[in-house]
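Geometric and topological summary
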Amino acid sequence: MNAADGDRYQRRMGTLLLLGMVLVLLLLGARLIHINTALASRLQTIVERQHTGHTPVPARRGLIFDCQGRVVAGSEAVPSIFADPLLVEDLPGAAVDVAAALHMVPGEVEDLIRHSENPRFCWIKHRVSAAEGDAVQALGLSGFGVVDEAVRRYPLGPVLAHVLGFVGAEGKGGAGIELQFDDHLRGRDGQISSVRDVRRRAVWRVEEGTVGVVDG
């Protein structure tokens, strides 16, 4: 190969290399356009799900007063335990620790999480003692949390039981005034949204995303 042929070969290879680089840049540009248009909404949803956490806030049932202004039916906040199945790490090991704190069977805790209909939330145990709630919090396990739920109390005891009625396990009025005015007394559950870091620790609350709780 003489010098002229060598020059032509080099120019040809340079041209092919340039065309290859242009093609790669065009493909990258097309991919970026596709991401910023067709995939934008889906990716934004994924990002928000990864960096935003939601803590349930059960509504506190409204108070009932007698004609003298005394509370004859009220609610007391007690801790309940919940889990975010997606964030639970080492489920078998976590189930053992949580079960020990709540006096449950590990397999029961594991089944509640594995078979949860909601992939981001499930109840582990309702209305536990303060000691049990503190024990779960002390574990510091990813994906588990404590939130207050209301237990119905009647300061006057059974005196007005036939008039007031009662509230069932699901928080719904079962008889008497509790049933008749259930829609007004029940309130509306809410949630607290917070921005979380890579370890899913709350960094700050998103006030605009906080749903108010109806309180009687």
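Provided above is the structure to which this section pertains.
Residues numbered from 1 in each chain as written. Predicted model: local features only at pLDDT ≥ 70, side-chain atom pairs only at ≥ 80, totals over all residues. Heavy atoms only, no water.

**Some remarks on unusual backbone geometry**
Unlike most non-glycine residues, H103 shows phi in positive territory, near 55°. Inspection of the secondary structure puts H103 in the loop between α3 (91–102) and α4 (106–114). Although it is not a glycine, R127 adopts a positive phi angle of roughly 50°. Here R127 lies in the loop between β4 (122–125) and α5 (130–139). (Helix = DSSP H or I, 4+ residues; strand = E, 2+ residues; numbered from the N terminus.)

**Digging into α3**
Along its 12 residues, α3 runs 16 Å from first to last C-alpha, staying within 8% of the 16 Å computed at 1.5 Å per residue. Listed as buried for α3 are L91, A94, A95, V98, A99, A101 and L102. Across the axial projection of α3, the buried residues extend over an arc of 160°, all falling on one side. Residues of α3 that are buried make contact with β3 (71–83), α4, β4, α5 and β5 (144–153). The first or second residue beyond α3 is H103, which carries a positive phi of 55°. (Expected span 1.5 Å × (residues − 1). Buried < 20%, exposed > 50% of the residue type's maximum accessible area, 1.4 Å probe, protein only. Arc of directions from axis to C-beta. Contact = heavy atoms within 4.5 Å.)

**Observations regarding the side chain of E110**
Looking at the element boundaries, E110 is found in helix α4. Of the residues examined, E110 reaches a relative accessible area of 19% and is grouped as buried.

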